[in-house]
Amino acid sequence: WFRYADLDAAFSAATEFANVPTHYLLLPTHSNWTVLWTNSFLCDGYDSLCHCLTVNYGMTSIHWNAHDSATTTQPGATFTHRSLVDATLVERSVYVAQNDGKWLFGQTGSPLQEEDSECYESPRKRDRLNEQQLVKLLERLGAMPWTESFYALREQPCFVLKRMAAPPTIIRRARSAVVSA
């Protein structure tokens, strides 16, 4: 357990980024959510971990990724919301992704009450879900991960998990090569 003064200090504790996460932060918030962050430069999160937290521990989870322009991957937005209802896994997934020049859209499960599913009817697939729409959905779910005041870093410690002996096959990048100041 570690205490950090702010988000910059918490994220700066990861001195390098890797293609496979080696540094995990569980960040406390002023809501019912806990934010799980990893130092993967692929910005892919850990959807399988969210699945396990829901199935094995009954935690409601949402795994999301959104960027409107090309970064380490092509542009797109996606979320998967999971919960247990009467010991049965309930999943809702929506994605919009660019695959080279073609835009793809898909969805499974019943829409969440907080979703603005009318957007999914847009003629242009890329307009059906984007970064701003995902931010609004997260806000309606009670999560504001881009807002410093959302986090309870001054009130609660963060749980930090570090991989002690990462295999030599992991690709590592300096923080300065991944994060622009």
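All figures in this text were calculated on a predicted structure; none of them were measured in a lab.

J.: Describe the overall build of the chain, naming the residues involved and giving the relevant values.
T.: Along its length, the chain carries four helices and nine strands. Starting at the N terminus and ending at the C terminus, the chain contains elements arranged as α-β-β-β-α-β-β-β-β-α-β-β-α. In summary, the chain has a C-alpha radius of gyration of 17 Å against a globular reference of 16 Å for 181 residues, a match within 12%. C-alpha extents for the chain along the principal axes are approximately 45 × 40 × 30 Å. Within the span of the chain, comprising 181 residues, buried residues form 36% of the whole.

J.: Tell me about the state of the cysteines, residues and numbers included.
T.: Across all of its chains, the model carries zero disulfides by this definition. Here C50 stays unpaired: no disulfide links it, and the sulfur of C52, its closest cysteine neighbor, is 9.5 Å away.

J.: Before we move on, can you summarise the sheet that holds strand 3 (residues 35–38) with the specific residues and values?
T.: Overall, antiparallel pairing links the three strands, which are arranged 3-2-8 in an open sheet. A single partner strand is all that each edge strand has here, and the edge strands are strand 3 and strand 8 (159–162). When strand polarity is set aside, the average angle formed by the axes of neighbouring strands in this sheet is 15°.

J.: Account for the nonpolar core, with residues named and values stated.
T.: In terms of nonpolar packing, the biggest core is built from 33 residues, with L25, L27, F79 and Y151 touching the most fellow members. Where this core is concerned, the elements lending two or more residues are helix 1 (7–12), strand 2 (23–27), strand 3, strand 4 (61–67), strand 5 (76–85), strand 6 (88–99), strand 7 (102–108) and helix 3 (131–140). By residue number, the principal contributor to this core is helix 3, which donates three residues.

J.: Would you mind going over the packing of aromatic side chains in detail, with residue names and values included?
T.: Remark: the centre distance and the inter-plane angle together describe each pair of aromatic rings, the angle taken between the planes. Taken as a whole and assessed by the stated rule, the structure comprises seven aromatic pairs. Pairing F17 with W37 gives two aromatic rings, centres 6.0 Å apart and planes at 90°, and the pair type is edge-to-face. Linking F17 in strand 1 (residues 16–18) with W37 in strand 3, this pair joins segments that are 20 residues apart in sequence. With a centroid separation of 4.9 Å and 50° between ring planes, the pair formed by W64 and W146 is classed as tilted. Remark: W146 occurs in the loop between helix 3 and strand 8 and W64 occurs in strand 4; sequence separation between them is 82 residues. Taking the relative accessible area as the measure of exposure, W146 reaches 45% and is therefore partly exposed. A network of ring pairs unites the aromatic residues F11, F17 and W37 as a single cluster.

J.: Go over the sheet that holds strand 6, please, and point to the residues and values.
T.: An order of 4-5-6-7 is seen for the four strands of this open sheet, with the pairing classed as antiparallel. Each of the sheet's edge strands pairs with one partner strand only, and the pair in question is strand 4 and strand 7. Going across the sheet, the axis of each strand differs from the next one's by a mean of 5°, ignoring polarity. Examined bridge by bridge, strand 6 and strand 7 share seven bridges and lie antiparallel to one another. Its bridge partner being in strand 7, Y95 is matched across the sheet by G106. Taken strand by strand, helix 3 contacts strand 4 and strand 5, and its axis lies near 155° from that of strand 4.

J.: Run through the pairing of strand 4, naming residues and quoting values.
T.: For strand 4, the buried fraction is high: six of the seven residues fall into the buried class. When strand 4 meets strand 5, the two strands line up antiparallel, connected through seven bridges. Note on strand 5: the bridge partner recorded for H63 is T80.

J.: Give a description of the side chain of H23 that names residues and reports values.
T.: In this structure, H23 sits in strand 2. Ignoring sequence-local partners within four residues, the contact set of H23 consists of A13, A14, W37, T38, N39, V160, L161 and K162.

Here is what the cut-offs are and how they apply
- Residues numbered from 1 in each chain as written.
- Predicted model: local features only at pLDDT ≥ 70, side-chain atom pairs only at ≥ 80, totals over all residues.
- Heavy atoms only, no water.
- Helix = DSSP H or I, 4+ residues; strand = E, 2+ residues; numbered from the N terminus.
- Rg over C-alpha atoms; globule rule 2.2 N^0.38 Å.
- Buried < 20%, exposed > 50% of the residue type's maximum accessible area, 1.4 Å probe, protein only.
- Disulfide = S-S within 2.5 Å.
- Pairing = 2+ DSSP bridges.
- Axes fitted to C-alpha atoms, helices over the stretch in contact; angles between N-to-C directions.
- Core = buried A, V, L, I, M, F, W, Y, C linked by side-chain atoms within 4.5 Å.
- Phe/Tyr/Trp six-rings, centres within 6.5 Å; stacked < 30°, edge-to-face > 60°.
- Contact = heavy atoms within 4.5 Å.

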